[in-house]
Amino acid sequence: MLLTDKIFAITGGASGIGRAAALEAARHGADIAITDIAPVEAAAPLLREIESLGRRALYVQGDVSKPETAGAFMAAIKEELGGLDVFVSNAGICPFHGFLDLPKEILTKTVEVNLLGAFYMVQAAARMMVDEGRGGSIIAVSSISALVGGEFQTHYTPTKAGVLSLMQSTAIALGRHDIRCNAILPGTIRTAINHDDLSDPTKAEAMMARIPLGRFGEAEDLAGPIVFLGSSMASYITGASLLVDGGCFVNLQ
Ligand SMILES: NC(=O)C1=CN([C@@H]2O[C@H](COP(=O)(O)OP(=O)(O)OC[C@H]3O[C@@H](n4cnc5c(N)ncnc54)[C@H](OP(=O)(O)O)[C@@H]3O)[C@@H](O)[C@H]2O)C=CC1
Ligand SMILES: C[C@H](O)[C@@H]1OC(=O)[C@H](O)[C@@H]1O
């Protein structure tokens, strides 16, 4: 058990990577707070599963791109769970689209959710951790796409580079408060975000061929690394980036 009696909060926790991480944190003994744009009904089975592990589960519906969501989430965590030890900024979107004809609305929304949303949330979580004075761990889900490009992700990859950079700078700003900040960089993980994109067999095959481990990731592949970075096992790791990509990034030839 790596997170016994810790309070673990995550954005975009109703599905995919966030859901898997929330569940794994509960298995490791944490109480869980989730915010997501999905209605609470969508998360009800997950909340029941967390509670069946003997842990408390809090759900706050909200849009991370709206600055007020961060304040409301932190206030609910403080009131209902009493504090915050591990915060994961995970919510994100990836509406695949070509570059030359990219509508401004898609660009703006992607930046607002992925980058500004992460900033608002991380800042609010850090303020709460500093106020409480007991340190903490902040993890942001960036991407392999912070390091490499994507033809249909020109609006998305800069947001993931921004999230990685945010963790590097907040690691410096928050180190004196014993708050560690790290980025997780998933490769291609099968979730709702890329269900349509990966349904093109030619594209999926070409992408798979680059992965030394020979498979796409599953959401559960990210859960262990997130719990580890949140735990005292990672007590001297801050400002780091952890690729969780089956070896895809290093596979040039
Ligand atoms: N899957 C992959 O291959 C990779 C994913 N990532 C990153 O991982 C993170 C999680 O994605 P993943 O689990 O794959 O995708 P999912 O779509 O399964 O999960 C994303 C979650 O975020 C929620 N969400 C979307 N927009 C908002 C918003 N504005 N406010 C609050 N919640 C929101 C979604 O809700 P709803 O479903 O209702 O829209 C969903 O529950 C993202 O940041 C993504 O960029 C990084 C690298 C690779
Ligand atoms: C959603 C994509 O499949 C996924 O998102 C990323 O960040 C990776 O670059 C993958 O392309």
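Before any of the text, the structure's been laid out above.
Residues numbered from 1 in each chain as written. Chains lettered and ligands numbered in written order. Predicted model: local features only at pLDDT ≥ 70, side-chain atom pairs only at ≥ 80, totals over all residues. Heavy atoms only, no water.

Caption draft 1: Representation of the overall build of the protein chain in the model. Tallying secondary structure elements over the protein chain gives seven helices and nine strands in all. Taking 18 Å as the expected radius of gyration for a compact globule of 253 residues, we find that the protein chain reaches 17 Å, a close match to that expectation. When its C-alpha atoms are laid out on the principal axes, the protein chain stretches across 50 × 40 × 35 Å. In the protein chain, which comprises 253 residues, the proportion classed as buried is 51%. Look at the contacts in the protein chain between residues 6 or more apart in sequence, and 73% of them connect residues 24 or more apart. Here the protein chain has roughly 11,800 Å² of accessible surface; of this, 57% comes from carbon and sulfur atoms. Here the protein chain contributes 19 positive and 27 negative side-chain charges, whose respective centroids are spaced 4 Å apart. (Helix = DSSP H or I, 4+ residues; strand = E, 2+ residues; numbered from the N terminus. Rg over C-alpha atoms; globule rule 2.2 N^0.38 Å. Buried < 20%, exposed > 50% of the residue type's maximum accessible area, 1.4 Å probe, protein only. Contact = heavy atoms within 4.5 Å. Areas by Shrake-Rupley, 256 points an atom, 1.4 Å probe, with all protein chains shown as cover. Lys, Arg positive; Asp, Glu negative; His and termini not counted. Charge placed at Lys NZ, Arg CZ, Asp CG, Glu CD.)

Caption draft 2: How the structure looks around the site of ligand 1. Neighbouring residues of ligand 1: 28 residues in total, closest Asp36, Asn90, Tyr156, Ile189 and Thr191. A distance of 2.8 Å is found between an oxygen atom of ligand 1 and a backbone nitrogen or oxygen belonging to Ile17. A distance of 2.8 Å is found between an oxygen atom of ligand 1 and a backbone nitrogen or oxygen belonging to Ile189. In the complex, the protein chains occlude 87% of the 880 Å² of accessible area that ligand 1 would expose alone. A per-class count over the shell around ligand 1 returns 13 nonpolar, twelve polar and three charged. (Near = heavy atom within 4 Å. Polar contact = N/O pair within 3.5 Å; in protein donor to acceptor, adjacent residues only side chain to side chain. Nonpolar A, V, L, I, M, F, W, Y, C, P; charged D, E, K, R; others polar.)

Caption draft 3: Geometry of the pattern of salt bridges. Within the structure shown, the criterion is met by ten salt bridges. With a closest N to O distance of 3.0 Å, Asp5 and Arg55 form a salt bridge. Of this pair, Asp5 sits in the segment before β1 (7-11) while Arg55 sits in the loop between α2 (40-52) and β3 (57-61), and the two are 50 residues apart along the sequence. What makes Arg55 buried here is its relative accessible area of 15%. A salt bridge links Asp31 to Arg56; the shortest N-O distance between them is 3.1 Å. One end of the pair, Asp31, is in strand β2 (residues 31-36); the other, Arg56, is in the loop between α2 and β3, and 25 residues separate them in sequence. Taking the relative accessible area as the measure of exposure, Asp31 reaches 6% and is therefore buried. What makes Arg56 partly exposed here is its relative accessible area of 38%. One salt-bridge network, held together by shared partners, links Asp5, Asp31, Arg55 and Arg56. (Salt bridge = Lys/Arg side-chain N within 4 Å of Asp/Glu carboxyl O.)

Caption draft 4: Expanded view of the nonpolar core. Counting residues in hydrophobic clusters, the biggest one holds 37 residues, and the most contacted among them are Phe73, Met74, Ile77, Leu84, Phe87, Ile138 and Met167. Among the elements of the structure, β1, β3, α3 (67-80), α4 (104-132), β5 (136-141), α5 (157-174) and β6 (179-186) are those that each provide at least two residues to this core. Broken down by element, this core gets its largest block of residues, nine residues, from α4. In terms of nonpolar packing, the next biggest core, distinct from the first, is built from 34 residues, Phe8, Ile17, Ala38 and Ile50 among them. (Core = buried A, V, L, I, M, F, W, Y, C linked by side-chain atoms within 4.5 Å.)

Caption draft 5: A look at the site of ligand 2. For ligand 2, the full set of nearby residues is Cys94, Phe96, Ser143, Ile144, Ser145, Gln153, Tyr156, Gly187, Thr188, Ile193 and Asn194. Contact distances for ligand 2 include 2.2 Å between an oxygen atom and a side-chain N or O atom of Ser145. Between ligand 2 and Tyr156 there is a distance of 2.6 Å, counted from an oxygen atom to a side-chain nitrogen or oxygen. Relative to its free-state accessible area of 290 Å², ligand 2 is covered by the protein chains to the extent of 91%. When the residues that make up the shell around ligand 2 are grouped by side-chain class, the tally is five nonpolar, six polar and no charged.

Caption draft 6: Quick look at the state of the cysteines. Tallied over the full model, the rule gives zero disulfides. Of the cysteine sulfurs around Cys248, a residue in no disulfide, the closest is that of Cys94, at 14 Å. (Disulfide = S-S within 2.5 Å.)

Caption draft 7: Summary view of the sheet that holds β3. As summarised here, the arrangement of the seven strands in space is β3-β2-β1-β4-β5-β6-β9, forming an open sheet in which the pairing is parallel. The sheet is open, and its two edges are formed by β3 and β9 (241-244), each paired on a single side. Neighbour-to-neighbour, the strand axes of the sheet open up by a mean angle of 15°, direction not taken into account. Summarising the sheet, β6 and β9 pair through four bridges and their orientation is parallel. Counterpart to Pro186 in the pairing with β9 is Val244. On top of the sheet, helix α1 (residues 16-27) reaches β1, β2 and β6; it is set at about 175° to β1, its chief contact. Contacting β1, β4 (86-89), β5, β6 and β9, helix α7 (residues 220-230) crosses the sheet at an angle of about 165° to β6. (Pairing = 2+ DSSP bridges. Axes fitted to C-alpha atoms, helices over the stretch in contact; angles between N-to-C directions.)

In short, the description is geometric, and any link to function would need to be established separately.
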